[in-house]
Amino acid sequence: MAKIKTVYVCSACGAQAPKWAGQCGDCGTWNTLSESIDFPSSQAANSRVAGFGDAKDLNRVQNLAEVALDDMQRVPSGLSEFDRVLGGGLVPGSVILLGGDPGIGKSTLLLQTVAALSRHLKTLYVTGEESLQQVSLRSHRLGFTDLQVRMLAATQLESVVTVAQREQPDVIVIDSIQTMFTDQLQSAPGAVAQVRECAAQLVRYAKQTQTVMFLIGHVTKEGVLAGPRILEHMVDTVLYFEGEAGQRYRLIRAVKNRYGAVNELGVFAMTDRGLREVANPSAIFLSQHEQAVPGSVIMVTLEGSRPLLVEVQALVDTSHVNAPKRLAVGFEQNRLAMLLAVLHRHGGIATYDQDVFANVVGGVRVTETGADLPVILAVVSSLKNRCLPQDMVVFGEVGLAGEIRPVPNGQERLSEARKHGYKRALVAAANAPRKNMEDFEIIAVKTLDEALSRIG
Ligand code: TYD
Ligand code: MG
């Protein structure tokens with residue numbers, strides 16, 4: 001095999017240099033040169049691109065209409081919340097990048113996934129971070145015995161590909177892409193050039209052999225995947241693991257998906273025996289009252305793009321100080337003060353002699369304006385010591401002129417509420433669906449005054 005030449009390419013202007021330098025000689029930008037493999041001909045360069053391996057591909061031009069649709073058989077991953085973010089299951093030949101903070105559960109999730117898949121598929125788990133013993137310990141902790149998952153402790157890309165060619169697995173997990181290195185480059189594992197080159201070769205392997213490839217990626221402190229952004233462009237699906245390492249609930253969000261919608265969110269709970277799916281995530285943040293209580297309003301918010309039902313509580317109590325307290329937990333404090341002013345001006349309800357506390361239950365943070373109307377109604381409900389119907393949800397933005405404005409994805413929120421057994425919704429008139437919803441009453445309002453009169 002001819003010796004592979006490497007060059008240094010400027011990521012800003014694309015200029016090539018034979019040696020590394022701090023500044024690009026062409027465009028003068030600093031710190032942009034990174035090592036890359038020098039391909040002598042354009043055909044070889046094409047071969048770096050996923051799926052374009054052979055010269056004979058050049059003769060295969062055809063009309064789009066003639067392209068036969070291989071029926072894309074999706075393979076369920078065994079975890080339905082995971083399938084949800086994947087867009088319905090695994091597509092053969094697809095490459096999925098799973099990013100997240102250290103310790104959030106990436107290795108656990110993928111071990112659980114391959115364990116489920118290994119019952120009917122050939123799986124290969126490549127661990128570059130932990131020893132085989134460590135992975136085995138985890139698998140015992142998860143309660144797996146007699147697993148048919150093939151394990152390989154390796155970090156050299158060439159040996160991973162050789163083993164994969166020999167074993168011919170249907171699913172490969174690379175834990176993690178930052179530990180992989182190729183002999184063709186001199187830079188250390190984890191360097192941008194190494195991550196990019198290894199990923200490119202793994203993508204090509206996956207496309208040529210129709211293997212499902214999972215790449216685990218680390219996230220830097222800034223919250224982006226360590227390594228070049230190009231990694232996100234090369235793969236088919238990018239998933240992020242979110243949540244606090246100390247907290248129970250973990251969310252998986254799809255930020256890119258060539259085979260499904262990106263607005264999906266998978267919810268898991270970390271238990272002492274691995275990740276457990278949360279089947280009914282939109283209601284996990286509700287506190288369960290036996291009967292209606294004053295000051296409590298259920299709202300539908302959008303966490304990412306998945307509707308979540310959360311409870312807003314308010315407590316209004318006579319103040320004995322000159323400057324009454326206004327305290328908001330889970331949403332913006334200034335907004336609470338503003339809403340109270342609107343309530344006074346346009347609803348005729350004064351709170352200047354009252355302490356007002358408002359809280360979003362379950363430690364959820366609501367950042368969108370859809371919480372305005374629920375907060376106002378919770379305040380009024382507490383002040384008047386009158387309960388709102390338990391089967392009602394509320395969402396809507398409140399303007400300074402006392403008007404109720406619509407919020408995005410109204411229909412989605414209404415459907416979610418209905419799915420969870422709610423029977424009516426108090427929303428902005430512009431959020432009312434055009435078609436009537438079966439078994440679900442829409443109370444559409446245009447102004448705050450109207451909203452207050454509708455709740456009596
Ligand atoms: P891990 O999958 O190793 O995280 P990552 O690969 O993203 O770095 O998860 C590690 C954390 O999960 C660790 O803090 C221990 C915890 N954990 C449990 O709470 N229960 C379990 O059953 C397992 C396997 C891990
Ligand atoms: Mg790990």
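Please refer to the structure higher up on the page.
Residues numbered from 1 in each chain as written. Chains lettered and ligands numbered in written order. Predicted model: local features only at pLDDT ≥ 70, side-chain atom pairs only at ≥ 80, totals over all residues. Heavy atoms only, no water.

(A) Geometry of empty space enclosed by the protein. Tallying each qualifying case throughout the model produces two cavities of 30 Å³ or more. Each pocket or cavity is described by its volume, and for the largest cavity that value is around 50 Å³. The wall of the largest cavity is formed by Val380, Ser381, Lys384, Arg386, Cys387, Leu388, Ile455 and Gly456. Classifying every residue of the lining of the largest cavity gives four nonpolar, two polar and two charged. Estimates place the volume of the second largest cavity at around 40 Å³. What lines the second largest cavity is Arg74, Leu86, Gly89, Leu90, Val91, Ser94, Ile96, Thr237, Asn257 and Tyr259. Tallied by class, the residues present in the lining of the second largest cavity amount to five nonpolar, four polar and one charged. (1 Å grid on protein atoms, 1.4 Å probe; cavity = no way out; pocket = protein on both sides within 12 Å on 5 of 7 lines; lining within 4 Å. Points joined across faces, edges and corners; volume = space filled by probe spheres on them. Nonpolar A, V, L, I, M, F, W, Y, C, P; charged D, E, K, R; others polar.)

(B) Expanded view of the pairing of strand S7 (residues 171–175). Burial within S7 is extensive, with five of its five residues counted as buried. In S7, alternate side chains face the same way, and those of Val171, Val173 and Asp175 on one face and Ile172 and Ile174 on the other are all buried. Relative to S7, strand S5 (residues 123–127) runs parallel, the two sharing five bridges. Along S7, the bridge assignment pairs Thr123 with Val171. Here S7 runs beside strand S8 (residues 212–218); their pairing, made up of four bridges, is parallel. (Buried < 20%, exposed > 50% of the residue type's maximum accessible area, 1.4 Å probe, protein only. Helix = DSSP H or I, 4+ residues; strand = E, 2+ residues; numbered from the N terminus. Pairing = 2+ DSSP bridges.)

(C) Spatial organisation of the nonpolar core. Formed by 38 residues in total, the largest nonpolar core has its most connected members in Leu336, Leu343, Leu373, Leu377, Val379, Leu426 and Leu448. By residue number, the principal contributor to this core is helix H9 (residues 372–383), which donates seven residues. Among all residues touching Val379, those that are not within four sequence positions of it are Ala314, Val316, Leu340, Leu343, Thr351 and Val356. Counting residues in each nonpolar core, the second largest holds 31 residues, with Leu97, Ile174, Ala200 and Val238 among its members. (Core = buried A, V, L, I, M, F, W, Y, C linked by side-chain atoms within 4.5 Å. Contact = heavy atoms within 4.5 Å.)

(D) The arrangement of the site of ligand 1 in detail. Around ligand 1, a shell composed of 16 residues is seen, among which Gly103, Ser107, Thr108, Thr271 and Gly274 lie nearest. Separating an oxygen atom of ligand 1 from a side-chain N or O atom of Arg138 is a distance of 2.8 Å. Measuring from an oxygen atom of ligand 1, one finds a backbone N or O atom of Gly274 at 2.6 Å. Surface burial for ligand 1 is 75%, taken as the share of its 560 Å² of free accessible area covered by protein chains. When residues of the shell around ligand 1 are traced back to their parent elements, those giving at least two are helix H3 (106–117), helix H4 (132–141) and strand S11 (265–271). Among the elements that make up the shell around ligand 1, the one with the highest residue count is H3 (three residues). (Near = heavy atom within 4 Å. Polar contact = N/O pair within 3.5 Å; in protein donor to acceptor, adjacent residues only side chain to side chain. Areas by Shrake-Rupley, 256 points an atom, 1.4 Å probe, with all protein chains shown as cover.)

(E) Representation of helix H8 (residues 333–347). With 15 residues, H8 extends 20 Å between its outermost C-alpha atoms, agreeing within 8% with the 21 Å of an ideal straight helix rising 1.5 Å per residue. For H8, the complete set of buried residues consists of Leu336, Leu339, Leu340, Val342, Leu343 and Gly347. Buried residues of H8, seen end-on, are gathered within an arc of 160° and therefore sit on one face of the element. Exposed side chains of H8 directed beyond 90 degrees from the buried face belong to Asn334 and Arg345. Where H8 is buried, its residues contact strand S15 (326–329), strand S16 (354–360), H9, strand S18 (397–398) and helix H11 (448–454). In the stretch just after H8, Gly348 is the one whose phi turns positive, near 70°. (Expected span 1.5 Å × (residues − 1). Arc of directions from axis to C-beta.)

(F) Expanded view of the packing of H8 against H9. Direction vectors running N to C along H8 and H9 enclose 65°, while the axes themselves pass 10 Å from each other. With respect to H9, the element H8 is oriented roughly perpendicular. Pair H8 / H9 crosses with right-handed handedness. When H8 is examined against H9, the residues Arg335, Leu336, Leu339, Leu340 and Leu343 are found in contact with a partner set consisting of Asp372, Val375, Ile376, Val379 and Val380. Its residues assigned to classes, the contact of H8 with H9 comprises eight nonpolar, no polar and two charged. (Axes fitted to C-alpha atoms, helices over the stretch in contact; angles between N-to-C directions. Parallel < 35°, antiparallel > 145°, perpendicular 65-115°, else oblique. Left-handed = near helix turned anticlockwise from the far one by under 90°.)

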